[in-house]
Amino acid sequence: MIRKEGLTDLFFDLDHTIYDFDKNSALTFDAIFNEMQLKGVGDFMTHFKPINDYYWDKFAKEEISHDTLRYGRLKDTFDAIDVAVNDDQIYYIADAFIGNLTNYNHVFDGAHETLNALKKNYRLHIITNGPSLVQEKKLKNSKLEQYFETITNSEKAGVKKPNPIIFQHALQLANVKAEQSLMIGDNIQADVHGALNVGMQVIWFNEFQLQSDVQVAEVQQLKQLLDIL
């Protein structure tokens with residue numbers, strides 16, 4: 001149950017919560033593969049999603065570097081679909097993916113309407129583990145930046161979610177206390193546990209209705225936030 005009394009600030013994750021990373025990634029990879037005339041990549045995204053999640057989890061725990069994430073998620077996906085690519089091609093795709101991802105700016109259904117409604121009653125913020133330049137371009141190109149008063153990313157904070165330092169950095173930047181704040185995100189470790197550990201309330205954006213032992217409020221669509229908040 002969400003305690004609305006005294007709640008003033010809402011903090012959102014970006015990728016997989018507001019910005020439709022999977023849809024935009026699929027469009028980006030399609031364009032790159034067509035340009036390269038790569039064959040046999042029809043199942044690429046089916047395998048890429050869980051592999052990408054695995055690498056981002058290790059990256060968030062600071063077990064691997066960003067370069068390892070960018071290379072490994074592609075190498076493992078091509079291996080999974082049995083498509084032969086060399087290292088030069090993988091590095092080219094990795095660079096082209098980052099360079100072209102923000103050409104596609106689909107957000108989840110109801111994102112703009114929901115954020116516009118919430119902004120009337122709360123101050124809105126972003127906490128993201130993504131790289132600064134890319135995340136800022138996503139917000140600008142998808143016309144989301146107008147809703148948010150502060151943007152905290154892992155590059156500026158020096159650590160990634162679920163490290164409490166990034167949440168404390170975001171709270172300090174917003175000049176608000178944890179008990180007045182609520183986090184909305186899709187990742188059970190980075191967003192849910194990370195926010196709970198610093199005393200914030202949480203709503204889990206559980207699009208795929210995954211199971212978890214953590215007892216928190218959850219939504220499957222952004223517009224459902226309006227029923228809770």
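Check the entry above for the structure.
Residues numbered from 1 in each chain as written. Predicted model: local features only at pLDDT ≥ 70, side-chain atom pairs only at ≥ 80, totals over all residues. Heavy atoms only, no water.

K.L.:
I would appreciate a short explanation of the packing of aromatic side chains in the present structure.
P.N.:
For any pair of aromatic rings, geometry is given as the distance between the ring centres together with the angle between the planes. One pass over the structure, following the stated rule, counts 16 aromatic pairs. Measuring from ring centre to ring centre gives 5.0 Å for F29 and F48, while their planes differ by 70°; the resulting arrangement is edge-to-face. One end of the pair, F29, is in helix α1 (residues 21-36); the other, F48, is in helix α2 (residues 44-60), and 19 residues separate them in sequence. Note on accessibility: F29 and F48 belong to one class, buried. Within the aromatic cluster, the residues linked to one another by ring pairs are F21, F29, F33, F44, F48, F78 and F97. (Phe/Tyr/Trp six-rings, centres within 6.5 Å; stacked < 30°, edge-to-face > 60°. Helix = DSSP H or I, 4+ residues; strand = E, 2+ residues; numbered from the N terminus. Buried < 20%, exposed > 50% of the residue type's maximum accessible area, 1.4 Å probe, protein only.)

K.L.:
Would you mind showing me how to read the sheet that holds strand β6 (residues 217-219) here?
P.N.:
Sheet strands line up and pair through hydrogen bonds in the backbone, either parallel or antiparallel. Pairing is parallel across the open sheet formed by six strands, whose spatial order is β3-β2-β1-β4-β5-β6. Edge positions in the open sheet fall to β3 (150-153) and β6, since each of these has one partner strand only. Geometrically, the sheet is characterised by an average inter-axis angle of 25° between neighbouring strands, direction not taken into account. (Pairing = 2+ DSSP bridges. Axes fitted to C-alpha atoms, helices over the stretch in contact; angles between N-to-C directions.)

K.L.:
Help me understand the layout of surface pockets, please; the structure alone is not making it clear to me.
P.N.:
Left-over empty space is what a probe sized like a water molecule reveals as it rolls over the atoms. Roughly 640 Å³ of volume is contained in the largest pocket. Along its surface, the largest pocket is lined by 28 residues, and D15, H16, D53, D186 and N187 are the ones closest to its centre. When residues of the lining of the largest pocket are traced back to their parent elements, those giving at least two are α1, α2, α9 (188-196) and β5 (201-205). Among the elements that line the lining of the largest pocket, the one with the most residues is α2, at six residues. (1 Å grid on protein atoms, 1.4 Å probe; cavity = no way out; pocket = protein on both sides within 12 Å on 5 of 7 lines; lining within 4 Å. Points joined across faces, edges and corners; volume = space filled by probe spheres on them.)

K.L.:
Sorry, what's going on with empty space enclosed by the protein here?
P.N.:
Applying the stated criterion across every chain, the model contains one cavity of 30 Å³ or more. Roughly 100 Å³ of internal volume is contained in the largest cavity. Residue lining of the largest cavity: 13 residues in total, with F21, W56, I98, P131 and K138 positioned closest to the centre. Counting residues per element, the ones that place at least two in the lining of the largest cavity are α3 (66-80), α4 (87-100) and α6 (132-141). Residues that form the lining of the largest cavity fall into these classes: eight nonpolar, two polar and three charged. (Nonpolar A, V, L, I, M, F, W, Y, C, P; charged D, E, K, R; others polar.)

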